[in-house]
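As a plain string of letters, each chain reads:
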Amino acid sequence: MNVLLQSLVIVALVVPIIIGLLLGSMRGLRRSIIRIVLVALSIVLAFVLKGTITDQLMQIQVDGQPLIETVIQEMFQGQNIPTETMENIVTLLAMALIFLMSLGFFLFLTWAILFPLLKLFIRNKTYIDEKGVKKRKKHNFLSRLLGSVLGLAQGIAVAVVCVTILNGVFFNLSNIAATMNGMQDDGTTYATEQDGGNGSDQATVDAFNTLIEYNESGIRKFINKMGGDKLFDSIVSLEKEEGKKITLTGQIDALRGLVEMGKELSAIQGMDMQGGLNADTANALQEIFNNLDAINGKLTTESKDAINTLVQAVANDMLNLDMDFSAVDFNTVSFANEGQVIAKLSTYKETDFSGLNETDAKQKAKDIVDTVMQSDIILPLLSSNGEFTIGLEGDSYDYAKNVIDELKQAPDADEKKIEMLEKFFGVSESQPEV
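Basis of the calculations
Residues numbered from 1 in each chain as written. Predicted model: local features only at pLDDT ≥ 70, side-chain atom pairs only at ≥ 80, totals over all residues. Heavy atoms only, no water. Core = buried A, V, L, I, M, F, W, Y, C linked by side-chain atoms within 4.5 Å. Buried < 20%, exposed > 50% of the residue type's maximum accessible area, 1.4 Å probe, protein only. Helix = DSSP H or I, 4+ residues; strand = E, 2+ residues; numbered from the N terminus. Contact = heavy atoms within 4.5 Å. pLDDT = per-residue confidence, 0-100. Phe/Tyr/Trp six-rings, centres within 6.5 Å; stacked < 30°, edge-to-face > 60°.

A. The arrangement of the nonpolar core in detail. One finds L345 and F425 to be the most contacted residues of the largest nonpolar core, which totals 47 residues. For this core, the elements supplying multiple residues, two or more each, are α8 (248-269), α9 (279-297), α10 (301-318), α11 (335-349), α12 (358-373), α13 (378-383), α14 (394-409) and α15 (415-425). Ranked by the residues each element gives to this core, the list is headed by α9, at six residues. Excluding anything up to four places from it in sequence, L345 contacts L277, I368, V372, I390, F424 and F425. Membership of the second largest hydrophobic core comes to 44 residues, among which are V163, I176, L238 and I252.

Here it is in structure tokens:
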């Protein structure tokens, strides 16, 4: 097991606390007050300047193009991800690292220059010893004790910030790697050629495995349980239009959620639908939609907003799904309810119309057609499957066809949706009855 990243986080936690405690004891109360104020100033400066420094750094020209474009090409290796999303992810990762390096720089600067200057104005009292030599009084026990307390507080503050940033960077890099791996149909993005993969070198494989091991470690889980992931997002974020905050976690979760949902939706398109809708098919479809509901339920509002913005390009290009998602709002959609549409369709198909009067039979057909029409996902998704029809026959077919024919005659008929309904119910002129 590779514990390199875990070791780095432990070092970032322990070393600042020990150093702060020891130096606080040596400085005493008054000088420790100066130092903790300078440490707080360093953290504030790093936080305030991180965005400006990141923006300037990302625009540095490298090989005739901005650095951000170079990093995107190296990091995502031609993955078909919307440019805005890649820019957000790279910018936020850079911002996290720049914040950490800026903090180190300001801590050193204040220690090497400002702290010595300020110490000139705060000196220990002097006394004359028995030999007539002028000396400075040493710190008493109380001064050293209080200095240790302030030094400990200073060390904890620095340790929390460092651990939060390192954990956030490692955690999100792991999720990026897992997401990119999930975009490949064969799941071999990080497999070497010898292992039958796509030729990633061993260093890439080792880096991926190291990140995955950290993501599964108890240290990462403990830090996030204590709120480390939320603190990271509050430190490292971008302000977009209308005051919306963009976080690294939110952007990556959006991509990861789309990849997971895309695999479920792709499974539907790959199902054998030639026999029409039956009990087994209905159960399988409901299970898929329950899985989709679980995936969507874990996403934050930011991630769902990102999906709403990017889903059409991602679905058509990245996930190879030929489906119109423009009417789907991932903040409000219930995939579980969409799955219930399948159950209603299965029930309708098995209905014995011989026991119904004409009015009730027409109403039952109208209800099921209306239910399908109001679906944002079931109708466009299953209609895009070239083999799918419900497989109606007899009275269930006739009544459904009559309802759809009436819809076609309406002056405000939606031709595209009518065409999907005909395909869906298997009642188009080009399709024979089952």
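Back to the write-up after that little detour.
B. Up close: helix α2 (residues 67-76). For α2, the full list of buried residues reads I68, T70, I72 and F76. Taken from the residues just after α2, Q77 is the one with a positive phi, measuring 50°.

C. Layout of unusual backbone geometry. With a phi close to 55°, D63 is a non-glycine residue in the positive phi region. Residue position: D63 is located in the loop between β1 (61-62) and β2 (65-66). By relative accessible area, which is 78% here, D63 ends up exposed.

D. Broad picture of the side chain of T249. Position of T249 relative to the elements: it lies in helix α8. Those residues in contact with T249, other than ones at most four positions away along the chain, are N172 and D233.

E. Expanded view of the confidence of the model for the chain. Averaged over every residue, the pLDDT of the chain is 81; residues scoring 70 or more account for 80%. Contacts of residues 185-199 to residues separated by more than four positions or lying in other chains number 30 contacts, the stretch itself having pLDDT below 50. Here residues 430-434 is modelled with pLDDT under 50, and outside its nearest four sequence neighbours on either side it reaches ten contacts, counting other chains as well.

F. Structural view of the packing of aromatic side chains. Considering all chains together, one arrives at six aromatic pairs under this definition. A ring pair is formed by F170 and Y214, whose centres lie 5.5 Å apart and whose planes are at 75°; its orientation type is edge-to-face. With F170 in helix α4 (residues 141-182) and Y214 in helix α5 (residues 202-215), the pair connects residues that are 44 residues apart, well separated along the chain. Taken as a pair, F170 and Y214 share a single burial class, namely buried.

G. Summary view of the environment of L21. Among the structural elements, L21 can be located in helix α1 (residues 4-58). Judged by relative accessible area, which is 37%, L21 ranks as partly exposed. Between the alpha carbons of L21 and S148 there is a distance of 5.0 Å; along the sequence they are 127 residues apart. Among residues more than four places away in sequence, those in contact with L21 are S148, G151 and L152.

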